[in-house]
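Spelled out, the chains give:
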Amino acid sequence: QVQLAESGGGLVQAGDSLRLSCAASGRTYSTYAMGWFRQAPGKEREFVAAIKWRGGSTYYGDSVKGRFTISRDNAKNTVYLQMNSLKPEDTAIYYCATVPITEWRPVSDLRQYEYKHWGQGTQVTVSS
C-alpha cells in the first residue's frame, strides 16, 4: 500500500505564492505518475498537474498553466506543487495521488479515475 501525505497549505493573499509537498511512503512502483487535484466547495474535483516519476514529463490543467509548476525529488520520494500568482479561484482542498504507469504512456493520457492512491488533502485559501 502507498501512503501519501500532503503539506504546505494555508491562507494567502491574491498574488502570493505557496508550495505544496506530497511525501510518498510504503510500496513503490517501478514506473508511476503523481498528480495534484483540487476540489473547491460545491464543485467537482479538478485536475491540476501531473508528473511522470521516471523522466519527469509533466502535464497541467488549463487553469494553472504558466502559474503552477510540478516537480519531484527522487531521493525524498516527494512531489511538489509550486503555486505562483495565486487567485481567489484557486481556493480549494488540494490532493495528491499516484498511479503506476507504463513507460510508453504519456502522463497527459491519464484520467482522474485511474489514480489509485490518494492523500488526505491540504487546504489552500486565497483571499482577495
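Above this text sits the structure in question.
Residue-level account of the side chain of E6, with values.
Structurally, E6 can be placed in strand β1 (residues 2-7). Buried charged residue E6 carries no salt bridge. Nearest counter-charge: R45, at 8.5 Å. Side-chain polar atoms of E6 contact the backbone nitrogen of Q120, separated by 3.0 Å. Among the polar contacts listed, one links the side chain of E6 to the backbone nitrogen of G121, at a separation of 2.8 Å. Setting aside residues up to four positions removed in sequence, E6 forms contacts with S21, C22, W36, Y94, Y95, C96, G119, Q120, G121 and T122.

Residue-level account of the pattern of salt bridges, with values.
It is possible for side chains of opposite charge to pair when their charged atoms get near one another. Overall, the coordinates contain 7 salt bridges when judged by the stated rule. Between D90 and R38 there is a salt bridge, with the nearest N and O atoms lying 2.8 Å from each other. Note that D90 is positioned in the loop between β8 (78-83) and β9 (92-100) and R38 in strand β4 (residues 32-39), a separation of 52 residues in sequence. Among the charged side chains, a salt-bridge network with shared partners connects R38, E46, R67 and D90.

An account of the sheet that holds β1 is needed here, citing residue identities and associated values.
Strand order in the open sheet made by the 4 strands is β1-β3-β8-β7, with antiparallel pairing throughout. The open sheet has two free edges, formed respectively by β1 and β7 (68-73), since each of these has just one partner strand. Direction aside, the axes of adjacent strands within the sheet are offset by 20 degrees on average. Examined bridge by bridge, strand β3 (residues 18-26) and β8 share 6 bridges and lie antiparallel to one another. Residue pairing across strands places C22 opposite V79, the latter belonging to β8.

Go over the packing of aromatic side chains, please, and point to the residues and values.
In this description, a pair of aromatic rings is defined by centroid distance and the angle of the planes. Inspection of every chain in the model, using the stated rule, returns 6 aromatic pairs. Measuring from centroid to centroid gives 4.9 Å for F37 and W118, while their planes differ by 50 degrees, and the two rings are tilted. With F37 in strand β4 and W118 in strand β10 (residues 117-118), this residue pair connects regions lying 81 residues apart in the sequence. In this structure F37 comes out as buried when scored by relative accessible area, which is 1%. Overall, the relative accessible area of 24% leaves W118 in the partly exposed class. Aromatic rings pair up to connect F37, F47, Y59, Y115 and W118 into one cluster. A cation sits over an aromatic face here: R45 above Y95, 5.9 Å from the ring centre. Here the basic side chain of R45 rests over the ring of W118, its NZ or CZ set 3.8 Å away from the ring centre.

The rules we used
- Residues numbered from 1 in each chain as written.
- Predicted model: local features only at pLDDT ≥ 70, side-chain atom pairs only at ≥ 80, totals over all residues.
- Heavy atoms only, no water.
- Helix = DSSP H or I, 4+ residues; strand = E, 2+ residues; numbered from the N terminus.
- Buried < 20%, exposed > 50% of the residue type's maximum accessible area, 1.4 Å probe, protein only.
- Lys, Arg positive; Asp, Glu negative; His and termini not counted.
- Salt bridge = Lys/Arg side-chain N within 4 Å of Asp/Glu carboxyl O.
- Polar contact = N/O pair within 3.5 Å; in protein donor to acceptor, adjacent residues only side chain to side chain.
- Contact = heavy atoms within 4.5 Å.
- Pairing = 2+ DSSP bridges.
- Axes fitted to C-alpha atoms, helices over the stretch in contact; angles between N-to-C directions.
- Phe/Tyr/Trp six-rings, centres within 6.5 Å; stacked < 30°, edge-to-face > 60°.
- Lys NZ or Arg CZ within 6 Å of the ring centre and 35° of its normal.

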